[in-house]
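These are the residues of each chain, in order.
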Amino acid sequence: MSIVYSKDVEKMCPVHCGGQHGCAPIPEEGKWVYSKKIEDVSGLTHGVGWCAPQQGACKLTLNIKDGIIQEALIETIGCSGMTHSAAMASEAIVGRTILEALNTDLVCDAINTAMRELFLQIVYGRSQSAFSENGLPVGTGLEDLGKHLASQLGTFYSTSAKGPRYLQITEGYVTKMALDENSEVIGYEYVNLNAFMKEVKTGTDATEALKKNTKTYGRFADGVKFIDPRTE
């Protein structure tokens, strides 16, 4: 590549750059690494991105080995179109360098922003596995989802006039809320939908599977009133 200099620079006398002490090492998978090229970067890290109107968000987990994305977990919330973008991203970024992935059109702003945030973390040595010897194996991202392989979500709605409604807890889909004599929430009933679907897929009767995977939390049994948070 031929470099073109301005006339002002051409007229300058050369001065030797003496302070060449190199880059500082960053922690990567239990080692201190002088990161000079993309292939010098390894680690597993998480990050969150958001779209321009802030109506949706993405949690992204990447497991990078020698600069190549070997594993990606993409979780989205708040926008239906984002789920399609996440499906595209799951194909578009694995097997690529983190620089390629940073400049890949992932369609959704939230996923692009998450990729940017993770890039910053990983190239500055701020990964989750910075001090884990040899890093974490490919497949570690699934551990975030637990045995049912589902995102951990919570959905709650509230108004000043009618108070809170618990719609979904990490444990599952809320079917009933238990209230005490002061109409304060003291517990809830929920269905673990992922466990329920697993039972049904293996041949269990749906009614039996629903009963088996319906559980309660808190002082549900002590409630004096029970409401359906979606209709009452």
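Fair warning: this is a prediction, and the values are worked out from it, not measured in the lab. (Residues numbered from 1 in each chain as written. Predicted model: local features only at pLDDT ≥ 70, side-chain atom pairs only at ≥ 80, totals over all residues. Heavy atoms only, no water.)

Asks: I'm lost on the sheet that holds strand E4 (residues 57-65) in this one. Help?
Replies: The strands making up a sheet associate through hydrogen bonds between their backbones, and the pairing can be parallel or antiparallel. Taking strand neighbours across the sheet as the criterion, the 3 strands line up as E3-E4-E5 in an open arrangement whose pairing is antiparallel. Each edge of the sheet is formed by a strand with only one pairing partner; in this case those strands are strand E3 (43-50) and strand E5 (68-77). Across the sheet, the axes of successive neighbouring strands diverge by a mean angle of 15 degrees, strand direction being ignored. Alignment of E4 against E5, held across 9 bridges, turns out to be antiparallel. By the bridge assignment for E5, Lys65 is matched with Ile68. Here helix H2 (residues 80-92) sits on the sheet in contact with E4 and E5, set at roughly 175 degrees to E5. Along the sheet face, helix H4 (residues 109-123) touches E3, E4 and E5 and points at about 140 degrees away from the line of E3. (Pairing = 2+ DSSP bridges. Helix = DSSP H or I, 4+ residues; strand = E, 2+ residues; numbered from the N terminus. Axes fitted to C-alpha atoms, helices over the stretch in contact; angles between N-to-C directions. Contact = heavy atoms within 4.5 Å.)

Asks: In this structure, what is going on with the pairing of strand E9 (residues 185-191)? I would like to understand it.
Replies: In the case of a regular strand, side chains alternate between the two sheet surfaces. The element E9 is largely enclosed, with a buried count of 6 among its 7 residues. Where strand E8 (residues 172-179) and E9 come together, 6 bridges link them in antiparallel fashion. Paired with Tyr173 across the strands is Val191, a residue of E9. Two successive antiparallel strands, E8 and E9, enclose a turn made up of 5 residues, where Ser183 displays a positive phi of approximately 60 degrees. Examined bridge by bridge, E9 and strand E10 (residues 214-218) share 5 bridges and lie antiparallel to one another. Counterpart to Tyr190 in the pairing with E10 is Lys215. (Buried < 20%, exposed > 50% of the residue type's maximum accessible area, 1.4 Å probe, protein only.)

Asks: What is the right way to look at the packing of aromatic side chains in this model?
Replies: For any two aromatic rings, the description comes down to two numbers: the centre-to-centre distance and the angle of the planes. Inspection of every chain in the model, using the stated rule, returns 6 aromatic pairs. Here Tyr188 and Tyr217 contribute two aromatic rings whose centre-to-centre distance is 5.3 Å and whose plane-to-plane angle is 25 degrees, an arrangement assigned as stacked. Placement of Tyr188 in strand E9 and of Tyr217 in strand E10 is noted, with a sequence separation of 29 residues between them. Given the relative accessible area of 49%, Tyr217 is considered partly exposed. Taken together, the aromatic side chains of Phe156, Tyr166, Tyr188, Tyr190 and Tyr217 make up a single cluster linked through ring pairs. Looking at Arg230, its charged tip hangs above the ring of Tyr173, at a distance of 3.7 Å from the centre. (Phe/Tyr/Trp six-rings, centres within 6.5 Å; stacked < 30°, edge-to-face > 60°. Lys NZ or Arg CZ within 6 Å of the ring centre and 35° of its normal.)

Asks: I would appreciate a short explanation of the nonpolar core in the present structure.
Replies: Side chains that are nonpolar tend, in soluble globular proteins, to be buried together. Of all hydrophobic cores here, the largest spans 24 residues; its most connected members are Leu60, Leu62, Ile69 and Ile111. The greatest single-element share of this core, amounting to 7 residues, is contributed by H4. Ignoring anything within four residues of it in the chain, the contact list for Leu60 reads Thr45, His46, Gly47, Leu73, Ile74, Ile93, Ala114, Met115 and Leu118. (Core = buried A, V, L, I, M, F, W, Y, C linked by side-chain atoms within 4.5 Å.)

Asks: What is the right way to read the state of the cysteines from this model?
Replies: Structurally, a disulfide amounts to a covalent bond that connects the sulfur atoms of two cysteines. Throughout the structure, instances matching the rule amount to 0 disulfides. Left without a disulfide partner, Cys58 is nearest to the cysteine sulfur of Cys108, which lies 6.7 Å away. For Cys58, a relative accessible area of 1% puts it in the buried group. In this model Cys108 remains outside any disulfide bridge; the closest cysteine sulfur is found in Cys79, 6.3 Å from its own. (Disulfide = S-S within 2.5 Å.)

Asks: Where do I start with the layout of surface pockets in this structure?
Replies: Gaps between atoms show up when a probe of the same size as a water molecule is rolled over them. A volume near 260 Å³ is recorded for the largest pocket. Listing elements by their share of the lining of the largest pocket, those giving two or more residues are strand E7 (163-169), E8 and helix H5 (193-201). Broken down by class, the residue content of the lining of the largest pocket amounts to 5 nonpolar, 9 polar and 2 charged. For the second largest pocket, the calculated volume is near 170 Å³. The wall of the second largest pocket is formed by Lys162, Pro164, Arg165, Met177, Leu179, Ser183, Glu184, Val185, Lys225, Ile227 and Glu232. Contributions of two or more residues to the lining of the second largest pocket are made by E7, E8 and strand E11 (225-227). The residue inventory of the lining of the second largest pocket, partitioned by class, reads 5 nonpolar, 1 polar and 5 charged. (1 Å grid on protein atoms, 1.4 Å probe; cavity = no way out; pocket = protein on both sides within 12 Å on 5 of 7 lines; lining within 4 Å. Points joined across faces, edges and corners; volume = space filled by probe spheres on them. Nonpolar A, V, L, I, M, F, W, Y, C, P; charged D, E, K, R; others polar.)

Purely geometric stuff here, so don't read any function into it on its own.
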